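Below, each chain spelled out in residue letters.
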Amino acid sequence: MLCFLRNAQVSGHQIKVLPYRKAGSWRYPADILHKGAFADLPANYQNLLAVEKQNLLWQNVQSDPHDLNNLPSEGVGSLLLNAIKPPYLLPAFSHISDEMIEGRRKIFHTYGSVAKGRLEFFSNSTFTGIFESGTRDVLIRPSVALLKDDNFIPGLGVKVLIDGSPSVNFHTLFSLDGQGDNRDFFENAMSNVIPDTENPVLIAVTKVFQSALYLLSANWMNRPENPNNMPLYEHASIRADGSPVEKGKVVAPWKIDFVPNKSLSWDPATNKDFRWHFTHDVPSGSVLYDVVLFRTQDSVGQHVGRLISTSPFVASLYGDERLYLQHANNRWCST
């Protein structure tokens, strides 16, 4: 891959090279930058340490919990119509914050549970940035794409907080086509790279997401390859302390698999909401997933870490409507 083109902006046949991102700052073309209010977060929020950000977000998550015996389940209704409009999808990639733009709602993965956690990487990790050996402060958000009785489509979001810089986030799924009537959240591994869907409706939605990616940048290196591959280059480009990985030394995995701890599995035929199970059946301190990284598309995976909860899971209004996990922008490349 031509990684030196990552920060090039294409205009006609000319390429203008933009400055690399520095610690504590993000560089995006001004025409796609959406600046949202931090709402309950302080003005200096992005300058805080990762653990301080984690605690502030967690206070908000806990402030308005849902009644587990009366969990919200209404659909997003007419919002689904916006899914066929690429400009509506664009802020999912361009809005830089840990909170949603006011008035905006999640079209998919509307409902979830949130816990504090730590993402541990072992000494055998050969990758850079947040994948380097050590522990990261995170928020963990399991969710489902849509609340449907006939098809369970689980997804896992992980927000990695960084000292003095915006977070990086993992968006992972087992499959867009779901697990059918198997409602065990820990049945399958979650990955940033997923197979193509066979569902005609989802194929159409995927094509709209692809159109939204083209709006991100004229430079193909500054947008994901496709909606079924949420790249990890940005994660490998910045360390947990906010310092950038040196130019030319980024080692990014092609794929991450979160492999479930099967001891946490519940009855696949349960009639309980998954949010109820996370609160009642997944205690603080649980090893949720082993982390397996793949260097390239053809590589064998390496077990390099694990994801652990450090609080109970809470389903709340803030977690559903305000907490925001930005999608990655930069395409993966080998160096």
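Residues numbered from 1 in each chain as written. Predicted model: local features only at pLDDT ≥ 70, side-chain atom pairs only at ≥ 80, totals over all residues. Heavy atoms only, no water.

## Here we look at the pairing of strand β4 (residues 134-144)
Consideration 1: Along β4, eight of the eleven residues are buried, which leaves the element largely enclosed by surrounding structure.
Consideration 2: Judged from the seven bridges that link them, strand β3 (residues 115-121) and β4 form a sheet pairing that is antiparallel. Residue pairing for β4: Lys116 is matched across the bridge by Leu139.
Consideration 3: In the sheet, β4 pairs with strand β5 (residues 154-162) via seven bridges, with the strands oriented antiparallel. Within the sheet, the bridge partner assigned to Val144 lies in β5 and is Pro154. (Buried < 20%, exposed > 50% of the residue type's maximum accessible area, 1.4 Å probe, protein only. Helix = DSSP H or I, 4+ residues; strand = E, 2+ residues; numbered from the N terminus. Pairing = 2+ DSSP bridges.)

## A word on the pattern of salt bridges
Consideration 1: Counted according to the given criterion, the structure contains ten salt bridges.
Consideration 2: The residue Asp98 makes a salt bridge to Lys159 at a minimum N-O spacing of 2.7 Å. One end of the pair, Asp98, is in the loop between α3 (91-94) and β3; the other, Lys159, is in strand β5, with 61 residues separating them in the sequence.
Consideration 3: The class of Asp98 is buried, set by a relative accessible area of 0%.
Consideration 4: A salt bridge links Arg322 to Glu99, with the nearest nitrogen and oxygen atoms 3.3 Å apart. Taken as a pair, Arg322 in the segment after α7 (317-321) and Glu99 in the loop between α3 and β3 lie far apart in primary sequence, 223 residues in all.
Consideration 5: Salt bridges here are not isolated pairs; linked through shared partners, they connect Arg118, Glu120 and Arg306. (Salt bridge = Lys/Arg side-chain N within 4 Å of Asp/Glu carboxyl O.)

## Side note on helix α6 (residues 274-281)
Consideration 1: Within α6, the full set of buried residues consists of Phe274, Arg275, Trp276, His277 and Phe278.
Consideration 2: Where α6 is buried, its residues meet β4.
Consideration 3: One side-chain oxygen at the N-terminal end of α6 lies 2.8 Å from the backbone nitrogen of Arg275; it belongs to Asp273. (Contact = heavy atoms within 4.5 Å. Polar contact = N/O pair within 3.5 Å; in protein donor to acceptor, adjacent residues only side chain to side chain.)

## Quick notes on the packing of aromatic side chains
Consideration 1: By the definition in use, this model includes 15 aromatic pairs.
Consideration 2: For the ring pair Phe186 and Phe278, a centre distance of 5.6 Å and an interplane angle of 45 degrees mean the geometry is tilted. In this pair, Phe186 is assigned in the loop between β6 (165-173) and β7 (190-191) and Phe278 in helix α6, connecting sequence segments 92 residues apart. Pair check on accessibility: Phe186 and Phe278 agree, each one buried.
Consideration 3: The ring of Phe294 carries the charged tip of Lys255 above its face, separated from the ring centre by 4.4 Å. (Phe/Tyr/Trp six-rings, centres within 6.5 Å; stacked < 30°, edge-to-face > 60°. Lys NZ or Arg CZ within 6 Å of the ring centre and 35° of its normal.)

## Observations regarding the nonpolar core
Consideration 1: Of all hydrophobic cores here, the largest spans 43 residues; its most connected members are Leu119, Phe131, Phe170, Phe185, Phe258, Tyr289 and Leu307.
Consideration 2: In contact with Phe185, not counting residues within four places along its chain, are Pro142, Ser143, Phe152, Pro154, Gly155, Met190, Trp266, Phe274, Phe278 and Tyr289.
Consideration 3: One finds Ala50, Leu57, Val61 and Leu323 within the second-largest nonpolar core, a separate group that totals 14 residues. (Core = buried A, V, L, I, M, F, W, Y, C linked by side-chain atoms within 4.5 Å.)

## Comments concerning the environment of Ile256
Consideration 1: On the secondary structure map, Ile256 appears in strand β8 (residues 255-260).
Consideration 2: Classification of Ile256 by relative accessible area gives buried; the value is 0%.
Consideration 3: In contact with Ile256, not counting residues within four places along its chain, are Phe131, Phe170, Met190, Ser191, Asn192, Leu232, Val291, Val292 and Leu293.

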